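The residues making up each chain are set out below.
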Amino acid sequence: MGKELYADTIYADVIIDISHEALDKVFQYRVPFSLCREIIPGVRVRVPFGAGNREREGYVIALKKEPEYDVDKIKEIYGVVEESLPVESQLIQVADFMRKRYGSSMIQALKTVIPVKNREKHRQETTIRLAIDRESATKLLTEWEQKHRSARARFLKKLLETGVLSKTEAVQECRFPWKEIGKLAADGVIRIETKVAYRNPFPDLEQKENPVVLNAEQQAVADAFRGDFRREIYRTYLLYGVTGSGKTEVYMAFIETVLREGRQVIVLIPEISLTYQTVRRFYERFGDRIAVLHSQMSKGERSDTIERVENGEADVVIGARSALFAPVKNLGLIVIDEEHDGAYKSDRSPKYHARETAIFRAKIAKASVVLGSATPSVESFFKASQGEYVLWTLKNRAGNARLPAVQVADLREELHKGNRSIFSESLKEKMRGRLEKKQQMMLFLNRRGFAGFVSCRNCGTVIKCPHCDISLTYHRNGSLRCHYCGYETAYSRRCPVCQSPYVAAFGLGTEKVEAALYEEFPGIRVLRMDMDTTRRKNAYQNILQAFSRGEADVLLGTQMIVKGHDYANVTLVGILAADLSLYSQDYRSGERTFQLLCQAAGRAGRGEKAGEVIIQTYSPDHYAIMAAVEHSYEMFYEQEITYRRLMGYPPCAHLLVILVESGDESQAVLAAERIQKMIARSQEGTTVPVQILNPGRAAIGKLKDVYRQVMYLKHEDVATLEALRGRLEPVLENHPLFAGVQIQFDFDPMSIY
Ligand code: ADP
Ligand code: ZN
Ligand code: ZN
């Protein structure tokens, strides 16, 4: 990979100690000419270290053309450590890829990929056993009893009875001091064993034999994977299967194949589906070979888990985005479930996409990648249609379940008919039917941020957060809140600009829907799930479990409720306002809407009973909505890719966002203008120049009192954008003109800035 790029560099930054605390202690060495082809980021090297030039091993993290220290003091690398790539080397290469692709410092990238080591003590389990045979021990016991060494005797008697004692039993129950136990161990009478007690977050789960027999579609895919893997053909596969087609069962078949070959697996799932339900299925199949990483773990739990992975005790790692960097030594497969999910893009620098990064890691580890989705990202389907990924399709739901019937309720007509309620006539009717039959429903509102912004009907002023360029949201407890910075103020019925009393909250929030439900259907039992009701640890899980126990008729929520939950008794899904995500200025809004509608619809009819879906919308003719009604990904994709091609949006071209931030607005503006000029100048005379789109104030022009300027650079070729950013970076870092601003990059952004 890219060795030629580094061929003319002469200095290497090396880190000696690969722990989180030491990552920014970088030492520079000269690369001897004979090694300049071999030395790339990630390579392990032998170097002279310290005053005595003792030989130490270190890792190269970056290559430089210019020395950053006194040249005379720079020592030369002794050599390369000859050995298959250790996992640390792979992770450093991944960090280097992320730095180049997404724009961040190498240290930031390294801190993302290198696991934080535990300084919290492991909970250890100490056990004591006999080191001599029972006969000798019995003799010794008699001897001690005769000599009235009662504590010793008590201890040994107990040990003879039980065979094994814990430390507490020995010290407290036998009243025998730990120091004395140590002496007996030194004399060879007993053996003290210490074992780390790993904290298993799911201690009560049991492994089960797999009861599911793959159907023909599933089996064909599993066989194809096995065929490739056994022949050491490692590729990226897109498993496109309608909701409920049994993708998870297929992943498990893949995993079995990989484990049989003695290799390891990383499974990524969106954080929100990292619930008991999902993890339990894997656990039941693979038992203790599973290691789970999620964000609500304590540091100790996390680090225990990482250690089990490093030791090879666990060989299937399941986790959210960052589990991609789990230090598995012999990686064979990375599975990314719900690969279209926005959560796979990091929102902190480096703003990496887990999908692209996984493909890179798999390439250097010689491993396969499986991307799975019922509604693949446009990027992935595009790559599959170009032959870059292998496409596998599961067309049918597994078992007997059929796809639900989807109907549209045109909200414009409802209005004409005089129905001003949140619920269309058809939805109301179907809901009544479900209540009678005691079946469950899910109601879905697809954007919380829209909930009740407050404006003045007299002058049109929208009440905004004083720290952000965001309208405040009305909450039923009478407060106005900013969802970006947490600012909160009392709701006043007077316009701050014209003093008119006609100030009111508009739009639809989950709280308002909940109130309307109680009004429309007296006695209805509702569970509401949104950011407000899920703040506490486990709240999310508790709500879902209560719903699955049948404690509510309706589960009402934001997009949190649409993912990966199986409720056999849910036979109706209502999407209250499909349009809410459709008309943002964002190029991904059509895709996002289609995905949400399909995922939400996929929640209906997972069991024996048939499911129905009602989509309420003001724009029934929009292609994203029409395609969702038809359950037709292909119909959606054709329209969407045509639009992207026409506009030159990803995946047909690439976008690099440059975000310039400063507490001082004029500084941000000035810096952004300078950057724009620099880029424009650098493009003069090039045949296919990088285009600069929409430079100026960001859509959210102020956030937490920081002013934001933005520009979008567009080009078909990733490498051109990478090179441009690479040239820009040293100037932006070192020039005093940019001292007062923060500059961030984002490659192929998930949303508009
Ligand atoms: P997906 O991940 O594609 O939404 P799942 O793997 O969750 O689908 O499967 C949906 C349901 O169908 C699950 O309850 C699963 O146990 C069941 N299922 C999957 N494959 C089979 C099969 N071959 N035979 C019977 N049931 C199956
Ligand atoms: Zn006003
Ligand atoms: Zn704010």
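You'll find the structure just up there.
What counts as what
- Residues numbered from 1 in each chain as written.
- Chains lettered and ligands numbered in written order.
- Predicted model: local features only at pLDDT ≥ 70, side-chain atom pairs only at ≥ 80, totals over all residues.
- Heavy atoms only, no water.
- Near = heavy atom within 4 Å.
- Polar contact = N/O pair within 3.5 Å; in protein donor to acceptor, adjacent residues only side chain to side chain.
- Helix = DSSP H or I, 4+ residues; strand = E, 2+ residues; numbered from the N terminus.
- Nonpolar A, V, L, I, M, F, W, Y, C, P; charged D, E, K, R; others polar.
- Donors = N, O, S within 2.8 Å, 3.2 Å for Na, K, Ca; no water.
- Tetrahedral: all angles 85-135°; square planar, octahedral: opposite > 155°, others 65-115°.
- Buried < 20%, exposed > 50% of the residue type's maximum accessible area, 1.4 Å probe, protein only.
- Contact = heavy atoms within 4.5 Å.
- Pairing = 2+ DSSP bridges.
- Axes fitted to C-alpha atoms, helices over the stretch in contact; angles between N-to-C directions.

Novice: Explain the site of ligand 1 to me, please; I cannot follow it from the model alone.
Specialist: Near ligand 1 lie 17 residues; those nearest to it are V213, Q218, G244, K247 and R281. Here T248 contributes a side-chain N or O atom positioned 3.0 Å from an oxygen atom of ligand 1. Residue contributions to the shell around ligand 1 peak at three residues, all from helix α9 (residues 247–260). Across the shell around ligand 1, the residue classes break down as five nonpolar, seven polar and five charged.

Novice: What am I meant to see in the coordination of the zinc ion (ligand 3) here?
Specialist: Four donors placed tetrahedrally about a metal ideally form angles of 109.5 degrees, and six donors placed octahedrally ideally form angles of 90 or 180 degrees. Taken together, the protein ligands of the zinc ion (ligand 3) are C465 (SG), C468 (SG), C482 (SG) and C485 (SG), with distances of 2.3 to 2.4 Å. Around the zinc ion (ligand 3), the four donor atoms sit at angles spanning 106 to 113 degrees, and that spread fits a shape best called tetrahedral. Mapping the donors of the zinc ion (ligand 3) onto the primary sequence gives the spacing C-x2-C-x13-C-x2-C. Of this pair, C468 sits in the loop between β19 (454–456) and β20 (473–475) while C485 sits in the loop between β21 (479–481) and β22 (488–490), and the two are 17 residues apart along the sequence. Take C468: its relative accessible area is 2%, and that puts it in the buried class. Judged by relative accessible area, C485 falls into the partly exposed class, the value being 29%.

Novice: Quick question: what am I supposed to make of the environment of I306 here?
Specialist: With respect to the helices, strands and loops of the structure, I306 is situated in helix α11 (residues 299–310). For the pair formed by I306 and Y518, sequence separation is 212 residues and the distance between their alpha carbons is 47 Å. Once you skip the residues sitting within four places of it in the chain, I306 turns out to touch P115, L293 and P327.

Novice: Any chance you could explain the sheet that holds strand β12 (residues 290–293) here in plain terms?
Specialist: Backbone hydrogen bonds hold the strands of a sheet together, and the pairing may be parallel or antiparallel. Here we have seven strands laid out as an open sheet, ordered β12-β13-β11-β14-β15-β10-β16, and parallel in their pairing. A strand with exactly one partner marks an edge of an open sheet, and here the two such strands are β12 and β16 (390–394). On average, each strand axis in the sheet is inclined to that of its neighbour by 15 degrees, with strand direction left out of account. Against the sheet, helix α8 (residues 216–230) touches β10 (236–241), β14 (331–337), β15 (368–373) and β16, its axis set at about 155 degrees to β16.

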